[in-house]
Amino acid sequence: MTARIVDVVVVGAGFAGLAMAGALRRAGRDDILVLERAGDVGGTWRDNTYPGVACDVPAHLYSLAAHPNPDWSRTFASGSEIQGYLRDVAAREGLGDRLRLRTPLLGARWDADDSVWRIDTGAEPVVARSLVLACGRLTEPHVPAISGLESFDGPLFHSARWDHDVDLTGKRVAVVGTGASAVQLVPELARRAAHVTLFQRTPAWIVPRGGGAIAPAERERLAAHPGELARLRADLYAEGEQRFASRSGDAVASAAARDAALRHLHAQVADPALRRALTPDYAFGCKRVLLSDAFYPAVASDAVSLEPTALTTVEGSTLTAASGARHRADVLVLATGFAAAEQPYADLVHGESDTLAAHWSRGMTSFGSTVVAGFPNLFVLNGPNASLGHNSAVLMAEEQAAYVVRTLAERDRRPSRVLRVRPEAEAAYTEEIAAAAASTPWLTGGCRNWYVDARSGRLTLLWPGTVQAFRERLTGADGAEFEPAHTPVRGCEVGGER
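Here we summarise the structure given alongside this text. Computed from a prediction, not measured in an experiment: that's the story for all the values here.

The subject of this paragraph is the overall build of the protein. Scanning the protein from terminus to terminus reveals 14 helices and 20 strands. Expected size for 498 residues packed as a compact globule is a radius of gyration near 23 Å; at 23 Å, the protein falls within 12% of this value. Along the first, second and third principal axes, the C-alpha atoms of the protein reach 75 × 55 × 45 Å. Taken over 498 residues, the protein has a buried fraction of 55%. Pairs at least 24 apart in sequence give 73% of the contacts found in the protein among residues at least 6 apart. Taking the average place of the 52 positive charges on the side chains of the protein and the average place of its 58 negative ones, the gap between the two points comes to 1 Å.

Right, let's get into the state of the cysteines. For the structure on display, the rule yields 1 disulfide. One disulfide in the model links Cys-286 with Cys-447; its S-S distance is 2.0 Å. Judged by the sign of its S-S torsion, about -95 degrees, the bond between Cys-286 and Cys-447 is left-handed. Placement of the pair is Cys-286 in the loop between α8 (272–277) and β11 (290–291) and Cys-447 in the loop between α13 (441–444) and β19 (452–453), with a sequence separation of 161 residues. On the basis of relative accessibility, which here comes to 0%, the residue Cys-286 falls in the buried class.

The next subject is the sheet that holds strand β14 (residues 318–321). Overall, antiparallel pairing links the 3 strands, which are arranged β13-β14-β15 in an open sheet. Pairing within the sheet leaves two strands with one partner each, and these edge strands are β13 (311–315) and β15 (326–328). Pairs of neighbouring strands in the sheet enclose a mean axial angle of 25 degrees, with direction left out of account. The pairing of β13 with β14 spans 4 bridges and is antiparallel. Residue Leu-311 lies in a different strand from β14, and its bridge partner there is Ala-321.

All right, on to the environment of Leu-232 then. You can see Leu-232 is positioned in helix α6 (residues 226–248). The class for Leu-232 is partly exposed, based on a relative accessible area of 26%. For the pair Leu-232 and Ala-38, spaced 194 residues apart in sequence, the C-alpha to C-alpha distance is 34 Å. Not counting residues up to four positions away in its chain, the partners in contact with Leu-232 are His-60 and Leu-222.

Below, the discussion takes up the packing of aromatic side chains. Under the definition given, this model contains 12 aromatic pairs. A centroid spacing of 6.4 Å and a plane angle of 50 degrees characterise the contact between Phe-244 and Trp-442, whose relative ring orientation is tilted. You can see Phe-244 sitting in helix α6 and its partner Trp-442 sitting in helix α13, a full 198 residues away along the chain. A residue is classified by how much of its surface remains accessible, and Phe-244, at 17% relative accessible area, is buried. Here Trp-442 falls in the buried class, since its relative accessible area comes to 5%. Between Phe-367 and Tyr-429, the aromatic rings sit 5.6 Å apart at their centres with planes inclined by 55 degrees, giving tilted as the arrangement.

Before going further, it helps to examine the packing of helix α5 (residues 216–224) against α6. Where α5 contacts α6, the two axes come as close as 5 Å, and the packing angle between them is 105 degrees. Between α5 and α6, the angle is such that the two are roughly perpendicular. Every residue of α6 that contacts α5 at Arg-221, Leu-222, Ala-223 and Ala-224 is listed here: Pro-226, Glu-228, Leu-229 and Leu-232. When the residues that make up the contact of α5 with α6 are grouped by side-chain class, the tally is 6 nonpolar, no polar and 2 charged.

Most peptide bonds take the trans form, and the phi angle of most residues other than glycine is negative. A positive phi angle is found at Ser-115, which is not glycine, with a value near 55 degrees. One non-glycine residue, Arg-417, lies in the positive phi region at around 55 degrees. Of note, Arg-417 is situated in the loop between α11 (393–412) and α12 (423–437).

Residues that lie three or four places apart on an α-helix share one face, since the helix turns once every 3.6 residues. With 14 residues, helix α3 (residues 79–92) extends 20 Å from end C-alpha to end C-alpha; this agrees with the ideal 20 Å at 1.5 Å per step. Within the span of α3, buried status applies to Gly-79, Glu-81, Ile-82, Gln-83, Tyr-85, Leu-86, Val-89 and Ala-90. The inward-facing, buried residues of α3 contact α1 (15–26) and α2 (44–47). Immediately beyond the C-terminal end of α3, within one or two residues, lies Gly-94, with a positive phi of roughly 60 degrees.

Moving on: the nonpolar core. Counting residues in hydrophobic clusters, the biggest one holds 103 residues, and the most contacted among them are Phe-15, Met-20, Ile-82 and Val-175. When residues of this core are assigned to their parent elements, the largest contribution, 9 residues, is made by α11. Those residues in contact with Phe-15 that lie beyond four places of it in its chain are Trp-45, Tyr-62, Ser-63, Leu-64, Ile-82, Tyr-85, Leu-86 and Val-394.

The strand order across the open sheet formed by 5 strands is β7-β16-β8-β9-β12, and the pairing between neighbours is parallel. Strand pairing shows two members of the sheet lacking a second neighbour, β7 (156–158) and β12 (304–307), which therefore form its edges. For this sheet the average axis-to-axis angle between neighbouring strands, irrespective of direction, equals 20 degrees. When strand β8 (residues 172–176) meets strand β9 (residues 195–199), the two strands line up parallel, connected through 5 bridges. What sits directly across from Val-176, in β9, is Phe-199. On top of the sheet, helix α4 (residues 180–192) reaches β8, β9, β12 and β16 (331–334); it is set at about 170 degrees to β8, its chief contact.

Quick notes on the rules
- Residues numbered from 1 in each chain as written.
- Predicted model: local features only at pLDDT ≥ 70, side-chain atom pairs only at ≥ 80, totals over all residues.
- Heavy atoms only, no water.
- Helix = DSSP H or I, 4+ residues; strand = E, 2+ residues; numbered from the N terminus.
- Rg over C-alpha atoms; globule rule 2.2 N^0.38 Å.
- Buried < 20%, exposed > 50% of the residue type's maximum accessible area, 1.4 Å probe, protein only.
- Contact = heavy atoms within 4.5 Å.
- Lys, Arg positive; Asp, Glu negative; His and termini not counted.
- Charge placed at Lys NZ, Arg CZ, Asp CG, Glu CD.
- Disulfide = S-S within 2.5 Å.
- Pairing = 2+ DSSP bridges.
- Axes fitted to C-alpha atoms, helices over the stretch in contact; angles between N-to-C directions.
- Phe/Tyr/Trp six-rings, centres within 6.5 Å; stacked < 30°, edge-to-face > 60°.
- Parallel < 35°, antiparallel > 145°, perpendicular 65-115°, else oblique.
- Nonpolar A, V, L, I, M, F, W, Y, C, P; charged D, E, K, R; others polar.
- Expected span 1.5 Å × (residues − 1).
- Core = buried A, V, L, I, M, F, W, Y, C linked by side-chain atoms within 4.5 Å.

This is the structure we're talking about:
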């Protein structure tokens, strides 16, 4: 089939993909295509529909700078409200037929002869001069290796694939995991189920959430005064940046945050034995710090039983913990997170000599958390070292999108229109990350976290700095990360078009 060359193809229509599409269009780049495997935009907020799902970043900051929203109904927006916001963003961006839903990435291969990416979607061929992977890191549920799991004789599903056809009324529900999803989910289940058994492998540091509904009058005021909305966003951004110190191991800030978390625990859990079971034995910030005012009261209530060890064996409806305790359940929910360190698309993308999966076999690497050696004209958003533990990850995606726009301008100045990352630049950036992370709780705090790739022991998901530092790092990139320009031997011809 004859294929038209598209200048930029973006894969994924969550926050990062929509941020990228908007940045490209505002830069006058309309020759784009956004591929989305699902039937709607929204990414993780489309996929995660479990009871209580919400964001733990204030909504006015967890939104795109180009699309401020004065009408958030709560300080911390629900998943459905965020999903609605992203639908509105897609409509306001006027993507039209530039957005192709139900169009999965089945494979992408760099064609060195024609200097293009050839993309397989299972339908018509797609060819791109540049490819942006905005596929997200919270997409593929992690299912732990539990002996006999397949033998469970009731409904069993992951929190990210919630089965709304299952009526939990009067049921004994077991939840595996005490991470961010479980902390939101358990209080909701405690109100619906006959009883909840919570399997906790490792307790989390939990701090007060606060917030609540935003009064209509306040929403009207923010809508009428955009400057006030901008100032609110700036204040929330500054508060987030200040949290970096406590998350990254600053002694004074970490101690203060730890004390606040312990006060929160003591205020909400009266039983000393239960408090001990819920108290982490690792450094504050080593794992993701959670926000909740409802989790501890739920766990302390008669509606929930805490099993303070991991689920190890399943035999029908009997669940056995590492402690040897046996529990019965009618429904089993896995709130066990995602395969975040090993990006699910990596096997599908083949560069000049290998796949991304092979290139990242010892953990993800990049330059600027965005471009990868051996993969010309490829950009990755929300991939290596682009996550945050202290502020809104949307800010990082926006900085990456701005870098992509600037870099595409550099690409267009080259006769070959090809950008190849120097392996030395990628190696230096990887060492830079390693040096910045070496003394942080993420590597030294005594916990196992999803920020670190177990294959290499490197911090591969988190950016070990502030958003401002990331912005300065990317804006300071001068193109020296790429091999020098050269004149191509032949032109770029695909399907008869040049």
